[in-house]
Amino acid sequence: MSLYQDYLKEIDTRKEQGLHPKPIEDGALLEEIVAQIKDQGNEHREASVKFFIYNTLPGTTSAAGVKAKFLKEIILGQADVAEISPSFALELLSHMKGGPSVEVLLDLALGEDQAIAADAADVLKTQVFLYEADTNRLKEALASGNAIAKDIIESYAKAEFFTRLPEIDEEIKVVTYIAAEGDISTDLLSPGNQAHSRADRELHGKCMISERAQEEIQALKLQHPDKQVMLIAEKGTMGVGSSRMSGVNNVALWTGKQASPYVPFVNFAPIVAGTNGISPIFLTTVGVTGGIGIDLKNWVKKLDSDGNPILNNDGNPVLEQKYSVETGTVLTINTKKKKLYNEGGDEELVDVGSSFNPQKLEFMKAGGSYAIVFGKKLQSFACETLGVELKSAFAPSKEVSLEGQGLTAVEKIFNRNAVGVTPGKVLHAGSDVRVKVNIVGSQDTTGLMTSQELEAMAATVLSPTVDGAYQSGCHTASVWDLKAQANTPKLMAFMHKFGLITARDPKGVYHSMTDVIHKVLNDITVDDWAIIIGGDSHTRMSKGVAFGADSGTVALALATGEATMPIPESVKVTFKGQMADHMDFRDVVHATQSQMLKQFGDNVFQGRIIEVHIGTLLADQAFTFTDWTAEMKAKASICISEDATLIESLEIAKSRIQVMIDKGMDNEVQMLQGLVDIADKRIAEIKSGEKPALTPDANAKYFAEVVVDLDEINEPMIADPDVNNADVSKRYTHDTIRPISYYGAEKKVDLGFVGSCMVHKGDVKIVAQMLRNLEKEKGSVEFKAPLVLAAPTYNIIDELKDEGDWEVLQKYSGFEFDDTSPKNTARTEYENILYLERPGCNLCMGNQEKAAKGDTVLATSTRLFKGRVVEDSGDKKGESLLASTPVVVLSAILGRTPTVDEYKTAVEGIDLTKFAPPLQKPLDAKSVHF
């Protein structure tokens, strides 16, 4: 059967699901469609013309190559299609963004037919996605005296591709839709369990919020055809937890505008809002699509006569409504005055200046941030080629420099990596700059979207300025089902060809890896001055400064080696007191959040950098803190390490990179070996005193300083989703931190989970040692609830096998993963045994494995959002409570939360965490860090 007949069958299947035909990316299929268009008598000709015009993906897809070639034939008169005139063919090329379309436009513009050349040049002047091969052609043509080439380059030098775009509307009328009360996680907008469909935008759009919500949004659009729907997090923050480009895509699909009439399901310019604004990483994603993110401030703290917040019985501030944004409310955004008004525009509700700074206004005008990034590079190329002064058409990078003020650690990193700023100028927080990106990570549930973004921006090869780039397979590691089998090999082949180190080798040279991406990135980050961008909110390294990003920003970093962002303010975190022997470092993490809220009332971490002075914790253990900062709503975190500790962490990183090299994972340019060389250079700099470990200046300025009192941490702590809180806005946040004594040893636990990026080798050793302890005390260990254990990486498992711990775990396991015969069905029911699962995200991701509906899960993971790890049943809400490894293990054994005494007995003799690790391996090997 032909590919076209297969396509028709797929269309029929999709029609039954309420879906339109899937956009075409396969060049072979489009070749058949083109043949049918050329055959005047073909029964499928009319449909083929529509598929060709309206349903073919642009960029560098193989289908785009076929489309561009056929359009060229039409323009040159080599093919005659009544429905597509030469001028229309040029218009279609203008919507194809780059790659084959730009190549064809250059062929035409630099060709011999002057009329065609002039028309093609006019189209080229609107294009920005040009790469070196394209600009080199223009430069060579200019050198040979080609007048058309000169005309095009002169247009680029004036940035007419941007300046001739229409300005954004001065007034934007919106109608509100409250998506939920309280913080809205991106899981509501793009559920993790639907990650497999993210690259199919229309299909994935069906999962946003609920069918009822989608119907209500559609009804609002019908009632208000002249207005745009604004999606709101009432009494909360919009988009917490993850950047999730698919979440923004879904919001844009339902409430935004179509980017091109010839590209289906690609929408832009969504408008989102929250009482407490937009989560920083999500706001970046909104900018990618040229959208608007608004901080409503519509609920404010009620104050007493002395100006102090009035607290309720739970000790939380009482809120009062400043103005209503209930669903169906019509409001007016004035983009010039930067104010939010009522429907009539005569009552100011709130200043929204932060939503319309010069950079964001440019994103809105250009239809997204990519066009601005490429536009700046294109204008610079043109001016340099013509030898004229660059008069930038774009808002200058905001450069904030405060004389006499020192630099925080993150300010130092930004200054080191800044691109295109005033030479010699020292930049402080508030500056908005382009920076070089050293390490880039793409994960598997967003990777297909990243590959789509790369194709859309016509990128074909990794930027040579990137030191290390990795494509993981961890988010779909649990189950090798049909969805994974369809998506993963395709993704790995694309990224391998693009130039990344891939978890799975498309050529089958090395054993497939499913290591957790953040752990791998933490290992391949070998410079404490590095900037890291990763396709996941938990891209938080213990070396350098890392930013979780949407799939598009990851694509931009891969293609250009750069990112544009403001230098955030920092909050300094230090520690005092003595850590009790029976406490785990996860409890310090929870205490930091709890004590911060107690000290300040508000979350001072939100949107800022957490500069944590841990000093003597090795990279793996320090990562436990930096990883959690995503849940603290911080933009990023940075770890201040002592020289000796940093050297030891870099040596560990080197050894793990060497394992990857030994397994055959290095690529043709020897990227992994290059990282080892960078680590060696950095170690030499530290040892010689030439460049010690990164530290802030003594006179650096911080937004706030949090001091964590270790003496106050005397019992394990649990982050509770508080699912039955009367105040809906207080549910499913990470701010409810409770000691285990709160539960009175009566909280039933249905399942325990030790895994995700929050654990390291030490955590798995804790499990083994606790089993030894309990076996010694009672003769054997019996689980009263299932315990799922997913080690973060394969090399951790290899080390545990060498050290004798894996044997203990095997003794009590009823299931052990087998890569030669991976599971092909997700597990949702569990026996009261230990499950040794494949390295990867497992339950934390929630897209494959799930706890039984309505379960109470105690986990080491990061996510307690509704429906993530566990969904509600008909009569009980699912709960995902977060705690340290020893608490989770003991709770699974007991089937309930433990008493403090039970806990202390279970961890006796285990060195859980010390701020000053032993300098050498103890003879009794009790320390879990070895």
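Before going into details, it helps to say that this report is about the structure given with it.

So, how was this worked out
What you see as residue numbers is a count from 1 along each chain, following the sequence as written. Totals for whole chains, interfaces and linings use every residue, but because this is a predicted model, local features are given only for residues with pLDDT of at least 70 and side-chain atom pairs only at 80 or more, for both listing and counting. To obtain the side-chain values, all non-hydrogen atoms of the structure were included, while hydrogens and water were left out. Helix and strand labels come from DSSP, where a helix needs a run of H or I of at least four residues and a strand needs a run of E of at least two; each type is numbered from the N terminus. The globule rule is 2.2 Å times the number of residues to the power 0.38, and the radius of gyration it is compared with is taken over C-alpha atoms. For the exposure calls, accessible area comes from a 1.4 Å probe over protein chains only, and a residue counts as buried if that area is under 20% of its type's maximum, exposed if over 50%, partly exposed in between. Only heavy atoms matter for contacts: two residues are in contact if any of them lie within 4.5 Å across the pair. Per-residue and other accessible areas were derived by the Shrake-Rupley procedure at a 1.4 Å probe size, with only the shown protein chains allowed to occlude residues. In this count, Lys and Arg are taken as positive residues and Asp and Glu as negative ones, while His and the chain termini are left out. Taken as the charge location is NZ of Lys, CZ of Arg, CG of Asp or CD of Glu. At least two bridges found by DSSP between two strands are what make those strands a pair. A clockwise path from the first strand over the helix to the second, with the strands pointing away from the viewer, defines a right-handed crossover. Nonpolar cores were defined as sets of buried Ala, Val, Leu, Ile, Met, Phe, Trp, Tyr and Cys residues, with membership established by side-chain atoms within 4.5 Å. Criterion for a salt bridge: a side-chain nitrogen of Lys or Arg within 4 Å of a carboxyl oxygen of Asp or Glu. To get an axis, a line is fitted to the C-alpha atoms, and for a helix only the part in contact is used. The angle between two axes follows their N-to-C directions and goes from 0 to 180 degrees. An angle below 35 degrees is read as roughly parallel, one above 145 as roughly antiparallel, one from 65 to 115 as roughly perpendicular, and any other as oblique. Left-handed describes a crossing whose near helix is turned anticlockwise from the far helix through less than a right angle; right-handed describes the clockwise counterpart. Three categories are distinguished: nonpolar for Ala, Val, Leu, Ile, Met, Phe, Trp, Tyr, Cys and Pro, charged for Asp, Glu, Lys and Arg, and polar for the others, with Gly belonging to the last. Polar contacts, as counted here, are pairs of nitrogen or oxygen atoms within 3.5 Å of one another; within protein the pair requires one atom able to donate a hydrogen and one able to accept it, and residues that are adjacent in sequence qualify only if both atoms are side-chain atoms. To pair, rings of Phe, Tyr and Trp, with the six-membered ring standing in for Trp, must have centres within 6.5 Å; the planes then decide the type, stacked if under 30 degrees apart, edge-to-face if over 60, and tilted in the middle. Placement of a positive charge over a ring is assigned whenever Lys NZ or Arg CZ falls within 6 Å of the ring centre and within 35 degrees of the normal to the ring plane. Any cysteine sulfur atom paired with another within 2.5 Å is treated as part of a disulfide.

1. Brief notes about the overall build of the protein chain
From N to C terminus, the protein chain includes 31 helices and 33 strands. Since a compact globule built from 930 residues should have a radius of gyration of about 30 Å, the 28 Å found for the protein chain is in line with a globular shape. Projecting the C-alpha coordinates of the protein chain onto the three principal axes gives extents of approximately 90 × 70 × 65 Å. Buried positions account for 60% of the 930 residues belonging to the protein chain. Summarising the internal contacts of the protein chain: among those between residues at least 6 apart in sequence, 72% fall at separations of at least 24. If you sum the accessible surface of the protein chain, you get close to 35400 Å²; carbon and sulfur atoms cover 49% of it. Each charge class in the protein chain can be summarised by its mean position, and for the 97 positive and 131 negative side chains these summaries are 2 Å apart.

2. Here's the deal with the pairing of strand β7 (residues 271–274)
Alternating residues of β7 divide into Ile271 and Ala273 and Val272 and Gly274, and every residue in both groups is buried. Sheet topology note: the β7/strand β8 (residues 292–295) ladder contains four bridges and is parallel. Bridge assignment links glycine 274 to a residue of β8, and that residue is aspartate 295. Once the chain exits β7 it traverses helix α15 (residues 280–288) before rejoining the sheet at β8, and the crossover so formed is right-handed.

3. Re the nonpolar core
Of all hydrophobic cores here, the largest spans 195 residues; its most connected members are Phe52, Ile84, Leu93, Tyr470, Leu771 and Leu809. Residue contributions to this core peak at nine residues, all from helix α17 (residues 369–386). The contact partners of phenylalanine 52, leaving out residues within four places of it in the chain, are Leu30, Ile33, Val34, Ile37, Lys67, Phe70, Leu71 and Ile84. Counting 47 residues, the second largest nonpolar core, distinct from the first, contains Val573, Met596, Ala704 and Ala719.

4. Let's talk about the sheet that holds strand β19 (residues 531–534)
One open sheet accounts for five strands, arranged β18-β17-β16-β19-β20; its pairing is parallel. Pairing within the sheet leaves two strands with one partner each, and these edge strands are β18 (501–502) and β20 (545–548). Relative to β18, strand β17 (residues 468–471) is paired through two bridges, and the arrangement is parallel. Considered in β18, the bridge of glutamine 471 is made with threonine 502.

5. Some points on the pattern of salt bridges
Counted according to the given criterion, the structure contains 54 salt bridges. A salt bridge links aspartate 523 to arginine 656; its shortest N-O distance comes to 3.3 Å. One end of the pair, aspartate 523, is in helix α21 (residues 517–524); the other, arginine 656, is in helix α25 (residues 643–662), with 133 residues separating them in the sequence. Aspartate 523 gets classed as buried once you look at its relative accessible area, which sits at 9%. Among the residues examined, arginine 656 registers a relative accessible area of 8% and is labelled buried. Taking the shortest distance from any N to any O, the salt bridge between arginine 738 and aspartate 720 comes out at 3.1 Å. Note that arginine 738 is positioned in strand β27 (residues 737–739) and aspartate 720 in the loop between β26 (717–719) and β27, a separation of 18 residues in sequence. Summarising the burial analysis for this pair, arginine 738 and aspartate 720 share the class buried. Through salt bridges that share partners, Arg416, Asp527, Asp528, Lys681, Arg682 and Glu685 make up one connected network.

6. Brief notes about the sheet that holds β7
Spatially, β8-β7-β3-β1-β11-β12-β13 is the arrangement adopted by the seven strands of the open sheet, whose pairing is mixed. The sheet is open, and its two borders are formed by β8 and β13 (348–351), each paired with just one other strand. On average, adjacent strands in this sheet sit at an angle of 30 degrees to one another, irrespective of strand direction. Against the sheet, helix α13 (residues 211–223) makes contact with β1 (171–181) and β3 (228–234), and its axis sits at roughly 160 degrees relative to β1, the strand it touches most.

7. Remarks on the packing of helix α7 (residues 114–124) against helix α9 (residues 147–157)
Close contact between α7 and α9 brings their axes to 10 Å; oriented N to C, the two are set at 15 degrees. Of the possible angle classes, the one that applies to α7 and α9 is roughly parallel. Crossing handedness for the pair α7 and α9: right-handed. Residue-level inspection shows Gln114, Ala117, Ala118, Ala121 and Leu124 of α7 in contact with α9, the latter providing Ile148, Ile152 and Tyr156. Looking at the contact of α7 with α9, its residues break down into seven nonpolar, one polar and no charged.

8. Some details on helix α3 (residues 45–54)
All of the buried residues along α3 are Arg45, Ser48, Val49, Phe51, Phe52 and Ile53. Against α1 (3–16), α2 (27–38), α4 (62–75) and α5 (86–94) lie the buried residues of α3.

9. Considering the environment of glutamate 399
Residue position: glutamate 399 is located in the loop between α17 and α18 (409–417). Distance from glutamate 399 to glycine 430, taken between C-alpha atoms, is 7.6 Å for residues 31 residues apart in sequence. The contact partners of glutamate 399, leaving out residues within four places of it in the chain, are Val421, Thr422, Lys425, Leu427 and Ser431. In terms of polar contacts, glutamate 399 uses its side chain to reach the side chain of threonine 422, at 2.7 Å.

10. Focus: unusual backbone geometry
For isoleucine 209, which is not a glycine, the phi torsion comes out positive at approximately 55 degrees. Within the chain, phenylalanine 265 stands out as a residue other than glycine whose phi angle is a positive 65 degrees. For phenylalanine 265, a relative accessible area of 18% gives the class buried.

11. Comments concerning the side chain of serine 451
Here serine 451 shows up in helix α19 (residues 444–456). The residues contacting serine 451, other than those within four sequence positions of it, are Phe494 and Met495.

12. Focus on the packing of α4 against helix α6 (residues 100–109)
In contact at an axis separation of 8 Å, α4 and α6 are set at 25 degrees when each is read in the N-to-C sense. Of the possible angle classes, the one that applies to α4 and α6 is roughly parallel. The interaxial crossing formed by α4 with α6 has right-handed handedness. Contact residues: Ala64, Gly65, Ala68, Lys69, Lys72 and Ile75 in α4; Pro100, Ser101, Val104, Asp107 and Leu108 in α6. Per-class residue counts for the contact of α4 with α6 are six nonpolar, two polar and three charged.

13. Overview of the packing of aromatic side chains
This structure, assessed with the given rule, holds 16 aromatic pairs. Consider the rings of tyrosine 742 and tyrosine 743, whose centres lie 5.1 Å apart with planes at 80 degrees: the pair is edge-to-face. For tyrosine 742, a relative accessible area of 52% corresponds to the exposed category. Judged by centre distance (5.5 Å) and plane angle (85 degrees), the rings of tyrosine 830 and tyrosine 835 are edge-to-face. Lying over the aromatic face of tryptophan 299, lysine 235 brings its terminal NZ or CZ to 4.4 Å of the ring centre. Cation over ring: arginine 608 sits above phenylalanine 703, and NZ or CZ is 3.4 Å from the ring centre.

14. Considerations on the state of the cysteines
Applying the stated criterion to the full structure yields zero disulfides. Not part of a disulfide, cysteine 207 finds its nearest cysteine sulfur in cysteine 844, a span of 18 Å. Here cysteine 207 falls in the buried class, since its relative accessible area comes to 15%. Take cysteine 841: it sits in no disulfide, and the sulfur closest to it among the cysteines is that of cysteine 474, at 3.8 Å.

15. Brief notes about α9
Within α9 the residues assigned to the buried category are Ile148, Ala149, Ile152, Ile153, Ser155, Tyr156 and Ala157. Put simply, asparagine 146 is the residue that caps the front of α9, since its side-chain oxygen is 2.9 Å from the backbone nitrogen of isoleucine 148. Phi turns positive, to about 55 degrees, at alanine 159, one or two residues after α9.

16. Let's talk about the side chain of aspartate 134
Within the secondary structure, aspartate 134 is located in helix α8 (residues 132–143). With sequence-adjacent residues up to four places away left out, aspartate 134 is seen in contact with Val102, Leu106 and Phe129.

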